[in-house]
Amino acid sequence: MKSTADLRAFQRVMMGALVRPLGSATEAGAGFIKPNSRLTALERLEIYHRMYWFRLIDSVTDDSPGLAFLLGEAKFDRLVRAYLGKYPSRSFTLRNLCSRLPQFIREEPRWTSPRTALAWDVARFEWAQTVAYDGEERPLLSPAEIAGVPPARLRLALQPCLSLLALDFPVDDFVMAVKKRNTLRDEASNAREAGGRAGRRAKRVAPPRRGRVYLAVYRLGGRLHYLRLELGGFRILEAIRAGRSLARAIAAGGRLRPAQVEEWFATWMKFGWFCRTPL
Amino acid sequence: MPANRFNGHTSHGIGIGLRVPHYAHILDQKPVVGWFEIISENFMVDGGRPLEILDRILEQYHVVQHGVSMYLGSADRPDRAHLKKLKQLVRRTRTPWVSDHLCWGSVDGTYSHDLLPMPYTFAAAKRTAEKIRQVSDYLGVPVCVENVSSYAEFHVSEMTEWEFLTEVVERADCGILLDVNNIYVSSKNHGFDPYDYLNGVPAERVGQMHVAGHTKFEKYILDTHDHPVLDPVWQLYAHATRRCGVTATLLEWDDKIPSFDEVHNEALKANEFIADAGEDFNRKIGKVGKNPDSPSRSSRPSC
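What you see is a predicted model, and the numbers here were worked out from it, not measured in a lab. (Residues numbered from 1 in each chain as written. Chains lettered and ligands numbered in written order. Predicted model: local features only at pLDDT ≥ 70, side-chain atom pairs only at ≥ 80, totals over all residues. Heavy atoms only, no water.)

A. Spotlight on the overall build of chain B. From N to C terminus, chain B includes eleven helices and twelve strands. A compact globule built from 303 residues should have a C-alpha radius of gyration of about 19 Å, and chain B, at 18 Å, falls within 12% of that. By its C-alpha atoms, chain B is 45 × 45 × 40 Å across when sized along the principal axes. For chain B, the residues scored as buried account for 64% of the 303 residues in total. Put simply, 80% of the contacts in chain B that link residues at least 6 apart link residues at least 24 apart. For chain B, the distance from the average site of its 32 positive side-chain charges to the average site of its 41 negative ones is 6 Å. (Helix = DSSP H or I, 4+ residues; strand = E, 2+ residues; numbered from the N terminus. Rg over C-alpha atoms; globule rule 2.2 N^0.38 Å. Buried < 20%, exposed > 50% of the residue type's maximum accessible area, 1.4 Å probe, protein only. Contact = heavy atoms within 4.5 Å. Lys, Arg positive; Asp, Glu negative; His and termini not counted. Charge placed at Lys NZ, Arg CZ, Asp CG, Glu CD.)

In structure tokens:
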């Protein structure tokens, strides 16, 4: 190994050996590794190979409790392995690991069939929670800053950490119920270890029935929140996010009572959804 | 060295990692702690609760940044977006130094999220040192590189791990975060004497030390950070402080995390092993009884 090019070639081979599917056989990479008296070269490589997969699967599982519950352990595991096989991490942080999971579910429905539509909604909602948790929050827009600007010229901006979701299933309640169940289960597990009997409180959670829901997932006071929107309000917010003027955004909402629109905007302002546009 | 240019001429004493299960205790009880080490990547976010917590911690404590994904040994160029976010965090924390690992973990933009061992070659050392210089210049703070624990060695290596570490830090003119537990783990996995390693590193470049627990399996030892520190590691630590002086020391406990007090008390055990070591070191450099700034127990922050 005499150059950076040699180093890169070495690292490409080793990375290929790490990210290959779990359980698949390979000699690639092992040729670089010295055996010792207890482990062959391949066994030493396997330590890293397994750690790679277990770390990433754990990370996706942590961020996807609703999806994991919906699919069950074995099916979820197969989905995650397939997902990471197609979309290995391209970010320095594991925080972004699930960013393409909703897209993958749409691209390869066989991993979630026959519940692909529900799985897609759950995955989008769970990614929206990650975005809301630590996404960017810009300085709030004050009413004084937009006073006097005609609605036809006024363009508002929504907080980057706010997600708008049009869902075919009410997955908000479902995912929250799963999280609550998991918390109770963990507490029960701890209680059992301590000799308690708290296990009976963790109830079963039924998957939601189909039903259109429009949702905003956002952060307020450092905490995650979600709010169901009416269709008109959802359309207005989507139009604002798309860069339409305030007048055109309100028109996109359909035939609405002015008092209703005024009330929505007052609520959205109170929740801090409008921010200054980036310079 | 107790305070040197690689740790921003600080004497932080004994610290622990800032971890989520301890947030409430720290913010409510405000325990006396020498310093907290944060995982930089956990706070390289655009907003939200992580940064709110960090800002509250910064009001009360010294914080030092420790990275896990700069991958200084990767052949790829440093990621500008990563560096930009890291620099924003450096400005926020006012960390006296930053550390990351002497390893690789990404190639062509794909990340393993692991700390993969380097081939110990001169070409790899040269490339790694170039990257460390670039990173340090960009961030404007000293960089310390940490030796990793490893489970594999490579045929292409041209030197020992400690020779490679020395080659890199001398070329980069950077500091060392000496992880004593990692030396122990690797020594058992590869069959070298950990004291040869300790005696081989340039002591004057050590700006920080790590101690941690590990797990023994039948055929190898894994660096798990889920146990108290084992006695052989404390003995190595004592030797390291005799060689390098008493420097900023941090206990890593990242899995099966017990109460704050248990973690902190485990970290404070370091005092038992550095008391004599500090005197030995001072005697060696002729400071005992002469210099009020010598790294004696009483001069360290109470912790």
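B. Looking closely at the overall build of chain A. A tally of helices and strands in chain A yields eleven helices and five strands. For a compact globule of 279 residues, the expected C-alpha radius of gyration is about 19 Å, and chain A comes in at 24 Å, more than 25% above that figure. Its C-alpha atoms put chain A at 80 × 60 × 35 Å along the principal axes. Classification of the 279 residues of chain A by burial places 46% in the buried group. For chain A, contacts bridging at least 24 residues in sequence account for 69% of all contacts bridging at least 6. In chain A, the 47 positive side-chain charges and the 27 negative ones have mean positions that sit 2 Å from each other.

C. Structural detail: unusual backbone geometry. In this chain, S113(A) is followed by P114(A) through a cis amide linkage whose omega measures 5°. Checked against the element boundaries, P114(A) lands in the loop between α5 (101-107) and α6 (116-134). Despite not being glycine, D108(B) shows a phi value in the positive range, around 55°. By relative accessible area, D108(B) is classed as partly exposed at 36%. With a phi angle near 55°, H225(B) is a residue other than glycine that sits in the positive phi range. Note that H225(B) resides in the loop between β11 (221-222) and α9 (231-244).

D. Summary view of the pairing of strand β5 (residues 104-107) of chain B. Residue and element names in this part refer to chain B. In this structure, β5 lies alongside strand β6 (residues 110-116), joined through three bridges in antiparallel fashion. Considered in β6, the bridge of S106 is made with Y111. Two successive antiparallel strands, β5 and β6, enclose a turn made up of two residues, where D108 displays a positive phi of approximately 55°. (Pairing = 2+ DSSP bridges.)

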